[in-house]
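Structural description and commentary
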Amino acid sequence: MVCRCRSGGGGRTAGHAGMRLATLVWIVCSGWFFWSAHAQMKIPPETVQQWAESFGKQILALSTKYSGAQLLQKKYKDIQGVVRMEEVDGEELVKSIADEMENMLGRKMKSVKRLAESAEDADLYHDYNATLEFDYYNSMMINTVDEGGNALDMGSEFPLEENEHFNMLPVNTLQSDIQVPTNVYNKDPGILNGVYMSEALNDIFIDNFQKDPTLTWQYFGSATGFFRIYPGIQWTPDENGVVTFDCRNRNWYIQAATSPKDIVIVVDVSGSMKGLRLTIAKHTINTILDTLGENDFVNVIAYSDYVQYVEPCFKGILVQADLDNREHFKLLVEELHVKGEGKVKKAMKESFKILNAAAARGQGSLCNQAIMLITDGAMEDFQDVFKEFNWPDRRVRVFTYLIGREMTFASNTKWIACNNKGYYTHVSTLADVQENVMEYLHVLSRPMVINHDHDIIWTEAYMDSVLFNTQAQSLLLMTSVAMPVFSKKKETLSHGILLGVVGTDVPLRELMRLAPRYKLGVHGYAFLNTNNGYILSHPDLRPLYKEGKKLKPKPNYNSVDLAEVEWEDTEEILRTAMVKGETGTMSLDVRAGVEKGRRVMFLKNDYFYTIIDETPFSLGMVLTRGHGEYIFKGNVSVEEGLHDLMAPDLTIADEWTYCETDIDPHHRKLSQLQAVIRYLTGKEPELECDEDLMRQTLFDAVVTAPMEAYWTAISLNVASMDDGVETAFLGTRSGLMRLSRYAGIEKRVAKKFLTKLDKENIFTLDHFPVWYRRAAEYPAGKFLYYIPMGDTRDGRMVISITAATVTVGKKTAIAGGRTLSSFSSSSPPPPPLPPPSPIPPPFLPHVKSPSCGVFRC
């Protein structure tokens, strides 16, 4: 049986009443259990009712006294005549934010274009030198010496300095350096010529960074395998001293190097493919799958005496080569076994039928089509199938991979590739697979190179745990913009030579800063998704899980569909419209989770969406009916507001952008509050600041200033203080918070509460504090009590919250929320209280203001 000790409108007692309250809770709960279980003690219902009423009055008095809720509501009521109430125009706001995002992403694209042009010009004027000797900064060897203290070859001194803009990684912003995979010889003539030629990019890297200081990593991935990265870093190998990172395997490289494609992988599983050959064949399939992305389509067929689909459910069709499907194919490929005789003709017929059917139905990529034939070469008559399905147009390219050391049937596989605009390669060992598979990308890129199609591509969201070994950097969700680099030399123009790919990364948090939280309101949010329907950024996208003390990306974290988080859109109207790049609006009744989904709120949300031009992304925005519809705006002088803004009990949301501190390197060490103060005092007039947000913050600082004196007066009157009351605080829509600690840290149970580590209860880029959101859904002026669902220690905390509102005419807006926190130090303690049941469908005032209060029992 569950025992809940709650009061409908009041607070829980503490202090001198601390022991009394603990005893009361213990008597009510244990008495109830005892009576119901053993019927040895009969308490009249009237007595229990009296206890409850007395308990409710005491807890209400406690909450009212220590929170100062009545004073705050009076202050906001006093200013109702001097504020104006504005209705939030969702359609206008989403277009405005999309335009800002387009401008930001446009600057990244211009930087990449400058890199591509510079690389092509450098190659045009570079003459290949087979005997070139050139000492470059190898990121694996820089700053290393031998036993005698002498610098290693390609390991010269390379100054590195921690940089706030690059997550405190040691970098060199004056120079790029080179990474070469372990399986590529770092002094190969092709590598040396490419590195020497690409030295011209250093000046462009630096110039780009000066023109756009929000740029992060810039890079050039060469077709020969080396990777030039700016700013320069020290590369860390794995525990075996091996660097497996190969830029040519990265999604940004593959997407930029080729157009979308339909691929059918055909693998020979006849008896001659046993042993090492089958192992090499499986590795070849997996490597091909790794070169595919969301814009590609694929299927895998195995053949011997008969044709079999590795996934029978995909018979006769192509499926999107997203991460889920690629991983699914890999698992099935591992289960393949050899038997029988190889009948390649049947397999090739089936492959052509799949590709022809997709083209006829307007499905698949509607671009390149290719068949990848993986075999040891033993095959019967096969020429007729190409005459029937592929000649004379040769619309489908056929690439052949001869597996094993045996070369007897090499002529067959060569003939197939050469007569179908493909490429033949011999894969004799597992070490050969990577380089040989990559060759098909160069063939597919030739039409782009010859036509000089410099298409800019954007990747899906990803975390680069391979490139960066620090947790802060490797768990950063980002997208990349990339562009191919072609040879412009006349003698190679007709051959279509791809030199490599240039690109830069865009952290998605920086992009989402352009959708300010204060404009979206307490429950509002913005999100991004791709033209494939996958989420780039969304408050409900939780891509990490905890393994021990480490955070790690979840499997398939970057292939979460919009329909999986906006699941109330059962008809997928929103998803379909955004995938098509449409602009529009719709409404949904939603159940929003708070406290990591443990509690539910019932909301009416208005959705606004539009495309971000020149990108494959769409922006969505949500405003909640009621408090999401209106925002009040006040105005005070800078002098008056600045005085109250500098109060010691005041903070502002450091994850929000009041002032842009990432443009000038000298500003990067400033907190947002420091930046605002320095801007308003004229010490940093060149800072770019959000005038509307600062104006509202100054106004809130002035209106809430009396709370500091109120809380201080209570703290100083030690004789009347109740033991166990820990914290009083408030928050406003502008991200401003005031906080008073009634108890020292040694006496506080909730030591982490409202610190920077307590993300649930402070203003962040993703959400308002949980206590603010819950107060917004409760009748203004009424106290709501709840127990946070944290660990055992935090489970003892009771939070008391209420909202203050501003009303102009018939329009009401939330000004903020207040909370009061306390705990009982009685001994022995009462049993832990069970959490309250989920809140009922909410009372929705038109719109609300600040929130306050927290308190432990």
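Every value quoted in this text rests on a predicted model; they were computed, and no experiment measured them.

Check the secondary structure of the chain and you find 23 helices and 34 strands. A buried classification covers 56% of the 857 residues belonging to the chain. Partitioning the intrachain contacts of the chain with sequence separation of at least 6 by distance along the chain shows that 74% fall at a separation of at least 24. As presented, the chain carries roughly 36,700 Å² of accessible surface, and 52% of it is formed by carbon and sulfur atoms.

Another point: the packing of helix α3 (residues 69–78) against helix α21 (residues 691–704). One way to put it is that α3 packs onto α21 with a least axis distance of 9 Å and a crossing angle of 125°. By the angle between their directions, the pair α3 and α21 is classed as oblique. You can see that α3 and α21 cross each other, and the crossing is right-handed. Contact residues: Leu-72, Lys-75 and Tyr-76 in α3; Asp-700, Val-703 and Thr-704 in α21.

Enumeration according to the criterion identifies 35 aromatic pairs in this entry. Summarising the aromatic geometry, the rings of Tyr-219 and Phe-227 are spaced 5.6 Å apart at their centres and angled 40° between planes, so their arrangement reads as tilted. Side by side, Tyr-219 and Phe-227 carry an identical accessibility label, which is buried. What links up through ring pairs into an aromatic cluster is the set Trp-656, Tyr-658, Phe-729, Phe-753, Phe-763, Phe-768, Trp-771 and Tyr-772. Between Arg-774 and the ring centre of Tyr-786, over which it is positioned, the NZ or CZ distance is 4.6 Å.

Residues of α3 that are buried include every one of Ala-69, Leu-72 and Tyr-76, and no others. One side of α3 carries all its buried residues, which in axial view fall inside an arc of 70°. Of the residues in α3, the exposed ones pointing more than 90 degrees away from the buried face are Gln-70 and Lys-77.

Attention now moves to the packing of helix α4 (residues 90–124) against helix α6 (residues 201–211). Orientation of α4 relative to α6, taken along the N-to-C sense of each, is 165°, at an axis distance of 10 Å. Judged by the angle between their axes, α4 and α6 are roughly antiparallel. Once α4 is placed against α6, the crossing between them reads as right-handed. Only Leu-201, Ile-204, Phe-205, Asn-208 and Lys-211 of α6 make contact with α4, whose side of the interface consists of Ser-111, Arg-114, Leu-115, Ser-118 and Ala-119. Across the contact of α4 with α6, the residue classes tally to five nonpolar, three polar and two charged.

Most of strand β15 (residues 478–486) sits inside the fold, with nine of its nine residues counted as buried. The side-chain alternation of β15 yields two buried faces, one formed by Met-478, Ser-480, Ala-482, Pro-484 and Phe-486 and the other by Thr-479, Val-481, Met-483 and Val-485. As defined by bridge partners, strand β14 (residues 457–458) adjoins β15 across two bridges and the pair is classed as antiparallel. Within β15, the position partnered with Ile-457 by the bridge is Ala-482.

This paragraph deals with the pattern of salt bridges. What the rule picks out here adds up to 29 salt bridges. Of the charged contacts in the structure, one is a salt bridge between Asp-153 and Lys-187, with a shortest N-O distance of 2.2 Å. In this pair, Asp-153 sits in the loop between α4 and β2 (161–163) while Lys-187 sits in the loop between β4 (177–179) and α5 (189–197), placing the two residues 34 residues apart along the sequence. The partner of Arg-695 in a salt bridge is Asp-692, and the shortest N-O contact between them spans 3.0 Å. Placement of both Arg-695 and Asp-692 in helix α21 is noted, with a separation of three residues, approximately one turn of the helix. Since its relative accessible area comes to 35%, Arg-695 is described here as partly exposed. With a relative accessible area of 35%, Asp-692 lands in the partly exposed category.

Turning to the side chain of Thr-291, a few remarks are in order. Within the secondary structure layout, Thr-291 lies in the loop between α8 (276–290) and β8 (297–303). For Thr-291, the residues in contact, after removing those within four places along its chain, are Ile-254, Lys-261, Asp-296, Val-437, Met-438 and Tyr-440.

Time to look at the pairing of strand β6 (residues 227–230). Here β6 shows two buried faces, one formed by Phe-227 and Ile-229 and the other by Arg-228 and Tyr-230. As paired elements, strand β5 (residues 218–222) and β6 share four bridges and run antiparallel to each other. Of the residues in β6, the one forming a bridge with Gln-218 is Tyr-230. The hairpin turn running from β5 into β6, its antiparallel successor, is four residues long, and Gly-225 in that turn takes a positive phi close to 120°.

So, about the sheet that holds strand β23 (residues 617–624). Sheet strands line up and pair through hydrogen bonds in the backbone, either parallel or antiparallel. What the five strands build is an open sheet, ordered β18-β17-β23-β22-β21; its pairing is antiparallel. If you trace the sheet from one side to the other, it starts and ends with β18 (535–537) and β21 (584–594), each paired once. Recorded for the sheet is a direction-independent mean angle of 35° between the axes of neighbouring strands. The pairing of strand β17 (residues 525–530) with β23 spans six bridges and is classified as antiparallel.

Core analysis: the largest hydrophobic core is formed by 170 residues, its most contacted members being Met-101, Trp-252, Tyr-607, Leu-619 and Phe-632. Looking at this core element by element, the count peaks at twelve residues for α4. Among residues more than four places away in sequence, those in contact with Met-101 are Leu-511, Met-512, Leu-514, Leu-528, Ile-612 and Leu-619.

For Pro-189, the location among the structural elements is in helix α5. Residues Pro-189 and Phe-134 lie 55 residues apart in sequence; the distance between their C-alpha atoms is 9.7 Å. Those residues in contact with Pro-189 that sit more than four places away from it in its chain are Tyr-128 and Ala-130.

Attention shifts here to the sheet that holds β14. With antiparallel pairing, six strands are arranged side by side in an open sheet as β4-β6-β5-β16-β15-β14. For this open sheet the edge positions go to β4 and β14, each flanked by a neighbour on one side alone. Direction of pairing for β15 relative to strand β16 (residues 498–507): antiparallel, over a ladder of nine bridges. Its bridge partner lying in β16, Val-481 is registered against Thr-504. On the sheet, α4 packs against β5, β14, β15 and β16 and is oriented at approximately 30° with respect to β15.

Mapped onto the secondary structure, Ile-611 falls in strand β22 (residues 599–611). Sequence spacing of Ile-611 and Glu-582 is 29 residues, and the spatial spacing of their C-alpha atoms is 6.4 Å. Beyond its immediate stretch of four places on either side in the chain, Ile-611 contacts Ala-98, Gly-581, Glu-582, Thr-583, Phe-617 and Ser-618.

With that settled, the discussion passes to the state of the cysteines. Enumeration over the complete set of coordinates arrives at one disulfide. Residue pairing for Cys-659: its cysteine sulfur links by disulfide to Cys-689, the two sulfurs lying 2.0 Å apart. Between Cys-659 and Cys-689 the sulfur-sulfur dihedral comes to about 105°; the bridge is accordingly right-handed. Separated by 30 residues along the polypeptide, Cys-659 in strand β26 (residues 659–660) and Cys-689 in strand β27 (residues 688–689) bring together distant segments of the chain. We classify Cys-659 as buried; its relative accessible area is 0%. Judged by its relative accessible area of 17%, Cys-689 falls in the buried class.

Turning our attention to the side chain of Asp-177. Looking at the secondary structure, you find Asp-177 in strand β4. Here Asp-177 is buried and forms no salt bridge, its nearest opposite-charge partner Arg-228 lying at an N-O distance of 7.4 Å. Engagement of the side chain of Asp-177 in a polar contact is seen with the backbone nitrogen of Ile-233, the distance being 3.3 Å.

With that settled, consider unusual backbone geometry. Of note, the amide linkage connecting Tyr-230 to Pro-231 takes the cis form, showing an omega dihedral of -5°. Relative to the helices and strands, Pro-231 is located in the loop between β6 and α7 (251–257). Located in the positive-phi region is Asn-143, a residue other than glycine, with phi close to 60°. By the secondary structure assignment, Asn-143 is in the loop between α4 and β2. We note that Glu-572 has phi near 55°; this positive angle belongs to a residue other than glycine. By the secondary structure assignment, Glu-572 is in the loop between α17 (562–565) and α18 (573–579). When its relative accessible area of 32% is taken as the criterion, Glu-572 is described as partly exposed.

What counts, and where the lines are drawn
Residues numbered from 1 in each chain as written. Predicted model: local features only at pLDDT ≥ 70, side-chain atom pairs only at ≥ 80, totals over all residues. Heavy atoms only, no water. Helix = DSSP H or I, 4+ residues; strand = E, 2+ residues; numbered from the N terminus. Buried < 20%, exposed > 50% of the residue type's maximum accessible area, 1.4 Å probe, protein only. Contact = heavy atoms within 4.5 Å. Areas by Shrake-Rupley, 256 points an atom, 1.4 Å probe, with all protein chains shown as cover. Axes fitted to C-alpha atoms, helices over the stretch in contact; angles between N-to-C directions. Parallel < 35°, antiparallel > 145°, perpendicular 65-115°, else oblique. Left-handed = near helix turned anticlockwise from the far one by under 90°. Phe/Tyr/Trp six-rings, centres within 6.5 Å; stacked < 30°, edge-to-face > 60°. Lys NZ or Arg CZ within 6 Å of the ring centre and 35° of its normal. Arc of directions from axis to C-beta. Nonpolar A, V, L, I, M, F, W, Y, C, P; charged D, E, K, R; others polar. Pairing = 2+ DSSP bridges. Salt bridge = Lys/Arg side-chain N within 4 Å of Asp/Glu carboxyl O. Core = buried A, V, L, I, M, F, W, Y, C linked by side-chain atoms within 4.5 Å. Disulfide = S-S within 2.5 Å. Lys, Arg positive; Asp, Glu negative; His and termini not counted. Polar contact = N/O pair within 3.5 Å; in protein donor to acceptor, adjacent residues only side chain to side chain.

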